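Structural features, examined
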Amino acid sequence: MSAKLDNASRRGFIKGSLMMIPAVTVGSGVSLTAKADEPPANLADYQPTYFTDDEWRFVMAACDRLIPSDGDGPGALETNVPIFIDKQMEGKFGHAADWYMKPPFHPDVSPLFGYQSPLTPREVYRKGIEATQEYCQAQHGKSFAALDHDLQTQVLTQLEKGDITFDDVSATQFFAFLLQNTKEGYFADPIHGGNKHMASWKFIGFPGARASYLAWVDQRDKAYPLGPVSLTGERG
Amino acid sequence: MAKTNPHVDVVMIGLGWTSSIMGMELTDEGLSVLALERGPDQDTVPDFAYPKMADELTYGVRYQLMQRPAKSTLTVRHGIQDLAVPYRSLGSFLPGNGVGGAGTHWNGHTWRPQPNELRLKSYVEENFGADIIPDEMTIQDYGVTYDELEPHFDRFEKVAGISGKAGNLNGEIQEGGNPFEGWRSDDYPLPPMKRTLNDTLFRDMAASEGLHPFPLPAANASQAYTNPYGMQLAPCNYCGFCERYGCLNYSKSSPQTCVLGALKQRKNFAYRANCEVMKVNLASDGKTATGVTYIDENGDEVIQPADLVIMGAYSLHNVHLLLLSGIGKPYDPISGEGVVGKNYAYQMNGGATLYFKDKHFNPFIGAGANGETLNDFGVEQIDFGQEGFIGGSYFNAAMTNGQPIRNMPLPKGAPSWGAEWKQAVQETYGHTMTIGSHGSNMAYRDCYLDLDPNYTDDHGRPLMRMTFNWKDNDVRMTQFMKQKIDALSKALGPDDYKLSFKDFDSQYDVRPYQTTHNVGGAIMGSDPKSSVLNRYLQTWDVHNVFVMGASAFPQNLQYNPTGMVGGLTYWAAKAIREQYLPNPGPLVQA
Ligand SMILES: Cc1cc2nc3c(=O)[nH]c(=O)nc-3n(C[C@H](O)[C@H](O)[C@H](O)COP(=O)(O)OP(=O)(O)OC[C@H]3O[C@@H](n4cnc5c(N)ncnc54)[C@H](O)[C@@H]3O)c2cc1C
Ligand code: SF4
């Protein structure tokens with residue numbers, strides 16, 4: 001028992017690390033992360049990559065209800081949440097790239113067993129938006145985006161509670177993705193396309209990517225004084 | 001046709017905590033040791049360097065460092081009559097993937113078991129009578145004692161540079177430590193971490209209630225430290241991106257920071273990343289292993305001959321590989337015969353969220369194992385006969401992070417979206433703390449692991465199937481803890497608080513994260529009829545296969561597993577070095 005080995009995968013050099021944040025791409029080749037030196041996009045000018053124009057109007061209107069601009073703090077539209085969601089559709093999340101997606105599927109088992117649909121999240125969005133638009137046309141004679149705010153809230157609540165059901169997609173699952181991604185886009189680092197100018201972090205008092213607090217640990221019960229920083233290099 | 005590599009003395013499956021430690025111990029003997037790790041190579045630089053780690057979406061929410069279910073997962077069901085369905089996306093537990101394993105992205109709560117947890121069945125029988133053990137409960141003794149393991153716990157704590165305060169030094173109770181812990185031969189190598197507001201509030205309240213609070217033993221360095229391998233840890237900066245992240249500061253004890261830097265220097269050690277072991281190969285008599293077969297980074301099948309096989313693939317994967325390799329008899333829950341897969345157990349936790357309008361907790365200032373704890377309701381402290389359950393728990397008031405996507409506790413009745421949600425977020429963020437109960441989970445006849453009949457992985461191998469649900473004994477335990485935590489929460493005088501504990505109608509839910517403390521399935525013991533491994537973690541049936549990790553636990557401890565896993569690894573290494581190598585064969589006669 002004495003054979004000597006050469007270490008096949010030992011690193012011979014240290015790779016540069018500063019701001020090497022990989023752009024996650026799946027198939028489409030679209031970059032999902034913002035560049036450090038570019039200002040965040042203007043939502044009104046943004047051309048969605050995944051969503052069609054009709055779908056985009058839905059996403060904008062729905063995000064605006066989920067995190068409205070009313071009251072204190074920014075809303076989903078001021079913080080570019082729809083842009084975040086569009087980018088997510090092109091990434092690993094939208095494609096369920098990391099999930100086990102082999103059949104057989106048993107979508108009717110108890111929800112306690114987690115995701116059991118054969119649809120990828122981006123397919124859930126596509127079918128969910130289409131079905132919701134059809135529902136709005138049939139019930140209210142208008143597309144979702146054209147409804148008044150109260151009716152929009154009502155429709156979203158119905159989706160959330162499962163009071164509306166669709167044939168080829170789960171309404172509650174569709175709503176759950178929409179709400180989850182909206183909150184992610186609101187609170188995630190701006191490098192992912194939402195949380196424009198770290199507005200949500202400023203609103204709640206989260207210092208973002210500072211990640212260094214040794215001097216502050218035992219200064220108990222005092223509000224932390226510094227604003228947030230982002231992976232994009234932006235400082236607030 | 002599979003290619004065959006040159007022979008090595010030892011092949012290790014996986015390169016997390018257990019294989020890293022084993023690598024040091026066995027290269028010390030001059031053996032050639034090769035570790036095969038299915039995931040990527042990763043190290044502090046460049047992989048965990050600032051600022052890219054400080055990205056909640058990528059690492060905290062999308063699990064960049066964890067196992068990908070697309071590549072590796074299992075199926076889950078509640079009962080033996082049910083159809084199991086795949087754990088398609090991660091939730092309840094998050095196994096690691098890549099060099100360092102889950103030890104890269106753990107929290108670092110580092111505990112030793114209480115001595116009687118290791119002889120639980122005997123302890124219960126001696127003190128409360130065998131008849132209090134429910135029929136379906138299959139608890140066992142570990143077959144190794146606390147006294148035997150003590151030097152190895154100490155060794156692991158020194159290698160990992162644990163920050164804490166001893167409560168029992170050689171039998172003498174120490175002020176400010178855990179008076180209910182087993183004896184220790186030495187204090188922790190580093191003093192406790194700094195105290196945050198939640199710590200001091202909880203500590204002062206608990207002390208005034210006559211309880212015994214102490215700082216959580218932490219694998220986050222409170223000071224600069226050099227370990228016995230010469231590896232250096234820098235003081236933790238409470239970065240708030242600890243659990244689910246690699247440490248950007250060389251402060252979290254991990255295989256990389258504590259062991260691998262030294263191990264990689266050794267000429268008789270090598271590791272290959274992106275190499276997934278398919279199975280352990282057996283000689284034609286089935287009594288010894290000849291090595292392993294793996295798929296290399298190019299997708300080619302490779303046979304790796306070796307004299308000794310160490311499984312360090314994480315508890316769940318160890319059991320899967322045993323089942324796939326035909327080592328040991330698979331467990332049958334109907335007859336109760338067979339052993340591999342038997343006694344899978346988890347962790348029974350609950351907690352309270354407390355809201356204080358006027359207090360600033362600055363939750364983003366936190367470390368993985370930053371917290372104040374108490375063990376007054378531990379396994380050894382409870383009268384099982386009187387309370388009507390077997391088990392125990394420790395409580396912790398921990399402040400690990402304030403990452404807003406996942407860490408946004410809201411008051412009772414707050415809506416989950418809309419203008420009122422936004423208002424609740426603003427009012428609550430930074431003003432809450434938690435008290436958690438981290439409790440034991442017993443083993444049961446119908447909680448086990450086997451191969452799934454319906455689902456396969458990319459290589460056509462059957463997935464493993466987990467059959468698991470919560471049982472009344474453990475719910476009674478957690479309901480007992482709920483009463484205690486309710487009272488402690490009230491005593492802290494918050495503006496509002498809410499409790500979240502399992503109840504008698506609770507079923508296992510794979511969606512919310514609970515813990516990555518999956519235990520059992522390849523349990524240790526003193527009888528080959530009821531265990532897979534002997535007391536040295538050697539398989540009873542194939543003497544040159546040793547299985548590390550929490551798969552060896554016959555039922556779960558009240559604590560997080562890694563202190564015990566580390567201690568057991570050093571214990572097994574000593575047996576291999578001193579007994580097995582001079583005379584290879586079964587270390588315990590069946
Ligand atoms: C989020 C999180 C928080 C945690 N917090 C704590 C805590 O606070 N306290 C505590 O005590 N414990 C904690 N744990 C658990 C702790 O991480 C584990 O107990 C510990 O890492 C187990 O070490 P191991 O060597 O057995 O397995 P791991 O560290 O998981 O290493 C196993 C390795 O084997 C590899 N592997 C698997 N299958 C194969 C194969 N077929 N071929 C090749 N390689 C393979 C895996 O990719 C992995 O890298 C936590 C875990 C997680 C995920
Ligand atoms: S909290 Fe401390 S130990 Fe944890 S990742 Fe941050 S610096 Fe490292």
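Residues numbered from 1 in each chain as written. Chains lettered and ligands numbered in written order. Predicted model: local features only at pLDDT ≥ 70, side-chain atom pairs only at ≥ 80, totals over all residues. Heavy atoms only, no water.

Selection criterion: UniProt positions are given in the numbering used here, feature names are shortened, and annotations may be inferred rather than shown by experiment.
Per an unreviewed UniProt entry, the recorded name for chain B is Gluconate dehydrogenase, and the organism is Salinicola rhizosphaerae. The heading Sequence similarities (unreviewed entry) in the UniProt record of chain B holds the text "Belongs to the GMC oxidoreductase family."

Chain A appears in an unreviewed UniProt entry as Exported protein from Salinicola rhizosphaerae.

Remarks on the overall build of chain A
As a reminder of what qualifies: A run of H or I in DSSP becomes a helix once it reaches four residues, and a run of E becomes a strand once it reaches two; helices and strands are each numbered from the N terminus. Each residue gets one of three labels from its accessible area relative to the maximum for its type: buried under 20%, exposed over 50%, partly exposed in between, using a 1.4 Å probe on protein chains only. Here, residues are in contact when the closest pair of their heavy atoms is within 4.5 Å. Per-residue and other accessible areas follow the Shrake-Rupley method at a 1.4 Å probe size, with only the shown protein chains counted as cover for residues.
On a plain count of helices and strands, chain A comes out with 7 helices and 0 strands. Along chain A, helices (α) and strands (β) appear in the sequence α-α-α-α-α-α-α when read from the amino end. Across the 236 residues in chain A, those meeting the buried criterion constitute 48%. Excluding contacts between residues fewer than 6 apart, the proportion of contacts in chain A whose partners are at least 24 apart in sequence is 59%. If you sum the accessible surface of chain A, you get close to 10900 Å²; carbon and sulfur atoms cover 51% of it.

What about the packing of aromatic side chains?
For clarity, the cut-off: To pair, rings of Phe, Tyr and Trp, with the six-membered ring standing in for Trp, must have centres within 6.5 Å; the planes then decide the type, stacked if under 30 degrees apart, edge-to-face if over 60, and tilted in the middle. Here, a charge over a ring means that NZ of Lys or CZ of Arg falls within 6 Å of the ring centre while also lying within 35 degrees of the ring normal.
Tallied over the full model, the rule gives 54 aromatic pairs over all chains. On the basis of an interplanar angle of 85° and a centroid distance of 5.3 Å, the ring pair of A:Trp201 and A:Phe206 is categorised as edge-to-face. We classify A:Phe206 as buried; its relative accessible area is 4%. Members of the aromatic cluster, joined through ring pairs, are A:Tyr46, A:Tyr50, A:Phe51, A:Trp56, A:Phe58, A:Tyr125, A:Phe144 and A:Phe174. It is B:Arg184 that lies over the ring of B:Tyr188; its NZ or CZ is 4.0 Å from the centre. Note that B:Arg244 overlies the ring of B:Tyr513, its terminal NZ or CZ placed 4.9 Å from the centroid.

Let's talk about the UniProt feature "domain: Glucose-methanol-choline oxidoreductase C-terminal" (unreviewed entry) in chain B
The UniProt record annotates "domain: Glucose-methanol-choline oxidoreductase C-terminal" (unreviewed entry) at residues 445–565 of chain B. With 21% helix and 19% strand, residues 445–565 of chain B has its two end C-alpha atoms placed 24 Å apart.

Brief notes about the site of ligand 2
We apply this condition: The criterion for a residue being near a molecule or strand is simple. One of its heavy atoms has to lie within 4 Å of it. Three residue categories are used. Nonpolar comprises Ala, Val, Leu, Ile, Met, Phe, Trp, Tyr, Cys and Pro, charged comprises Asp, Glu, Lys and Arg, and polar comprises the others, including Gly.
With respect to spatial proximity, the complete set of residues near ligand 2 consists of B:Asn220, B:Cys236, B:Asn237, B:Cys239, B:Phe241, B:Cys242, B:Cys247, B:Asn249, B:Ser251, B:Lys252, B:Gly366 and B:Ala367. Across the shell around ligand 2, the residue classes tally to 6 nonpolar, 5 polar and 1 charged.

Comments concerning the UniProt feature "domain: Glucose-methanol-choline oxidoreductase N-terminal" (unreviewed entry) in chain B
With numbering matched to this structure, UniProt assigns "domain: Glucose-methanol-choline oxidoreductase N-terminal" (unreviewed entry) to residues 233–345 of chain B. The annotated region residues 233–345 of chain B carries 18% helix and 27% strand content, and the separation between its end C-alpha atoms amounts to 33 Å.

Some words on the site of ligand 1
Residues and elements named next belong to chain B. Put simply, the test is: Polar contacts, as counted here, are pairs of nitrogen or oxygen atoms within 3.5 Å of one another; within protein the pair requires one atom able to donate a hydrogen and one able to accept it, and residues that are adjacent in sequence qualify only if both atoms are side-chain atoms.
Taken together, the neighbourhood of ligand 1 is formed by 37 residues, with Thr18, Glu37, His109, Val277 and Thr562 sitting nearest. Note that an oxygen atom of ligand 1 is positioned 2.7 Å from one of the side-chain N or O atoms of Glu37. In the model, a nitrogen atom of ligand 1 is placed 2.8 Å from a nitrogen or oxygen of the His109 main chain. Within the complex, the protein chains bury 98% of what would otherwise be the 990 Å² of accessible surface of ligand 1. Grouping the amino acids of the shell around ligand 1 by side-chain chemistry returns 14 nonpolar, 19 polar and 4 charged.

Description of the side chain of B:Arg465
In this fold, B:Arg465 is placed in strand S20 (residues 462–467). If near-sequence neighbours (up to four positions away) are discounted, B:Arg465 is found in contact with B:Thr75, B:Arg77, B:Ala84, B:Tyr448, B:Leu449, B:Asp450, B:Leu451, B:Asp452 and B:Pro453.

Some remarks on helix H1 (residues 53–66) of chain A
All names here are of chain A. Which entries qualify depends on this criterion: In a helix, the anticipated span is given by 1.5 Å times the number of residues less one.
Under the 1.5 Å per step criterion, the end-to-end length of H1 is 20 Å for 14 residues, consistent within 8% with the ideal 20 Å. Burial analysis of H1 places 10 of its 14 residues in the buried class, the great majority of the element. All of the buried residues in H1 are Glu55, Trp56, Phe58, Val59, Ala61, Ala62, Cys63, Asp64, Arg65 and Leu66. Those residues of H1 that are buried are in contact with helix H2 (81–90), helix H4 (121–140), helix H5 (149–161) and helix H6 (171–187).

Some words on the sheet that holds strand S16 (residues 371–374) of chain B
Residue and element names in this part refer to chain B. Put simply, the rule is: Pairs of strands are assigned from DSSP output, requiring at least two bridges between the strands.
With respect to topology, 6 strands assemble into an open sheet ordered S8-S16-S17-S18-S15-S21, the strand pairing being antiparallel. Two strands in the sheet have a free side with no partner beyond their single neighbour: strand S8 (214–215) and strand S21 (496–500). Bridging between S8 and S16 involves 2 bridges; their strand directions are antiparallel. Note on S16: the bridge partner recorded for Phe214 is Thr373.

Focus on the confidence of the model for chain A
Note the threshold: Confidence scores labelled pLDDT are given residue by residue by the predictor and lie between 0 and 100.
In this model, chain A carries an average pLDDT of 89, and 85% of its residues clear a pLDDT of 70 or more. Every residue in residues 1–30 of chain A scores below 50 in pLDDT, and together they form 64 contacts with partners more than four places removed in sequence or on other chains.

Focus on empty space enclosed by the protein
Residue and element names in this part refer to chain B. Stated formally: Points on a 1 Å grid, built from protein atoms alone, make a cavity when a 1.4 Å probe fits but cannot get out and make a pocket when they are open with protein on both sides within 12 Å along at least 5 of 7 lines; residues with an atom within 4 Å of a point are the lining residues. Grid points are joined across faces, edges and corners, and a volume is the space filled by probe spheres set on the points.
Going through the model one piece at a time under the given rule, you end up with 8 cavities of 30 Å³ or more. Residue lining of the largest cavity: 13 residues in total, with Trp111, Asn178, Glu181, Arg184 and Tyr188 positioned closest to the centre. Here the lining of the largest cavity is composed, by residue class, of 6 nonpolar, 3 polar and 4 charged. Reported here for the second largest cavity is a volume of approximately 80 Å³. Split by residue class, the lining of the second largest cavity holds 6 nonpolar, 5 polar and 1 charged.

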